[in-house]
Amino acid sequence: MIGSLPASWRKAVGAEASKPYFRELDSFLEREAREHRVLPEPPLLFRALELTRPADVRAVIIGQDPYPNSKHAEGLCFSVPVGVKPPVSLRNVLKELHDDFGCATPPHGHLAAWAANGVLLLNAVLTVRAGKPGSHRGKGWEHFTDAVLAAVVRKRTRVVFLLWGNDAQRKAAGVGAERHTIVTGSHPSFYSAAKGFFGSRPFSRTNEALVESGRQPIDWCAIG
């Protein structure tokens, strides 16, 4: 599995493949794939890392695990392919994008343009059993994505971490605010978006922090 890891990330996290947890994770995924459908499809497993190289990371959005629907899961947190109706959480993200940044609401929920602009769209857990949300939590992915985040934290240039909800905030608890910037808010889900996500201005706050440190702002409207 680690063989499909993009070359640009191998120096940063390739050593994870030799650790016991990763070998156990690999065996678990092989067993799962024999008996169940695992999402996203194998070519999309490291899609977030393929589209955003370590050197290019300017912001990180942390999700939980992939959508458990094969039409939705595409290896980027919150994102869905063009032609697929965005789920509620993603629709709320796009609403806040419009209200915060003035971007026209796009006709789709495909966020690959953000990834190409330096936004690492990283789920804490990279796979899921189809139809079973959260089914691959606690199997080892969390250790791997911790290593990815640690590699980003080591960057000398400022990175903005957008942490929506308690899970994301716990995941990035080790991010130092001395060099980097943390932008928090409630999760954009149906249940909590009105309790601290709407009106939190995460996109403009991210660009303000980047410009303040001399980095280029992100073209958040690019997805339209």
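Residues numbered from 1 in each chain as written. Predicted model: local features only at pLDDT ≥ 70, side-chain atom pairs only at ≥ 80, totals over all residues. Heavy atoms only, no water.

This paragraph deals with unusual backbone geometry. For the peptide bond that leads from Leu39 to Pro40, omega is -5°, which places it in the cis range. For Pro40, the location among the structural elements is in the loop between β1 (38–39) and α3 (47–51). Phi angles above zero are rare outside glycine, and Phe78 is one such case at about 70°. Taking the relative accessible area as the measure of exposure, Phe78 reaches 10% and is therefore buried. Its identity as a non-glycine residue notwithstanding, Arg201 has a phi of 55°, on the positive side. Looking at where Arg201 falls in the secondary structure, it is placed in the loop between β6 (181–185) and α8 (202–212). Judged by relative accessible area, which is 35%, Arg201 ranks as partly exposed. (Helix = DSSP H or I, 4+ residues; strand = E, 2+ residues; numbered from the N terminus. Buried < 20%, exposed > 50% of the residue type's maximum accessible area, 1.4 Å probe, protein only.)

Right, let's get into the sheet that holds strand β5 (residues 160–164). Spatially, the four strands line up as an open sheet ordered β3-β2-β5-β6, and their pairing is parallel. With partners counted over all chains shown, the strands left at the sheet margins are β3 (119–123) and β6, one partner each. In this sheet, adjacent strand axes meet at a mean angle of 20° when their direction is disregarded. Relative to β5, strand β2 (residues 59–63) runs parallel, the two being bridged by three bridges. By the bridge assignment, Val60 is partnered in β5 with Phe161. Packing against the sheet, α8 makes contact with β2, β5 and β6, and its axis sits at approximately 160° to β5. (Pairing = 2+ DSSP bridges. Axes fitted to C-alpha atoms, helices over the stretch in contact; angles between N-to-C directions. Contact = heavy atoms within 4.5 Å.)

Right, let's get into the pattern of salt bridges. If you walk through the whole model with that rule in mind, you get 12 salt bridges. Among the ionic pairs, Arg129 bridges to Glu32, the shortest N-O distance being 2.8 Å. Residue Arg129 is located in strand β4 (residues 128–129), and its partner Glu32 is located in helix α2 (residues 20–35); the two are separated by 97 residues in the primary sequence. Residue class for Arg129 comes out partly exposed when judged on its relative accessible area of 24%. When the shortest N-O distance is used, the salt bridge between Arg37 and Glu41 registers 2.7 Å. Shared partners join several salt bridges into a network, and the residues in it are Asp100, Arg201 and Glu208. (Salt bridge = Lys/Arg side-chain N within 4 Å of Asp/Glu carboxyl O.)

Now for the pairing of β6. Side chains Thr181, Val183 and Gly185 of β6 all project onto a buried face; the interleaved residues Ile182 and Thr184 project onto a face where none is buried. By the bridge criterion, five bridges tie β5 to β6 in an arrangement that is parallel. Within the sheet, the bridge partner assigned to Leu162 lies in β6 and is Val183.

With five of five residues buried, β2 is to be regarded as a mostly interior element. Burial of the side chains of β2 extends over both faces: Ala59, Ile61 and Gly63 are buried on one face and Val60 and Ile62 on the other. In this sheet, β3 lies alongside β2 in parallel orientation, the contact comprising five bridges. For Ala59, the partnering residue across the bridge sits in β3 and is Val119.

For helix α6 (residues 141–153), with 13 residues, the first-to-last C-alpha span of 18 Å sits near the 18 Å given by 1.5 Å per residue. Listing the buried residues of α6 in full gives Trp141, Phe144, Thr145, Ala147, Val148, Leu149, Ala151 and Val152. (Expected span 1.5 Å × (residues − 1).)

Inspection of the entire model under this criterion finds 14 aromatic pairs. A centroid spacing of 5.8 Å and a plane angle of 50° characterise the contact between Phe46 and Phe144, whose relative ring orientation is tilted. In this pair, Phe46 is assigned in the loop between β1 and α3 and Phe144 in helix α6, connecting sequence segments 98 residues apart. Each member of the pair, Phe46 as well as Phe144, is classed as buried. Centre to centre, the rings of Trp114 and Trp220 are 4.9 Å apart; their planes meet at 90°, and the pair counts as edge-to-face. Here Trp114 is found in helix α5 (residues 112–116), whereas its partner Trp220 is found in the segment after α8, with 106 residues between them in sequence. With a relative accessible area of 1%, Trp114 lands in the buried category. Taken together through their ring pairs, the aromatic side chains of Phe78, Trp114, Trp164, Phe197, Phe198, Phe203 and Trp220 make up a single cluster. (Phe/Tyr/Trp six-rings, centres within 6.5 Å; stacked < 30°, edge-to-face > 60°.)

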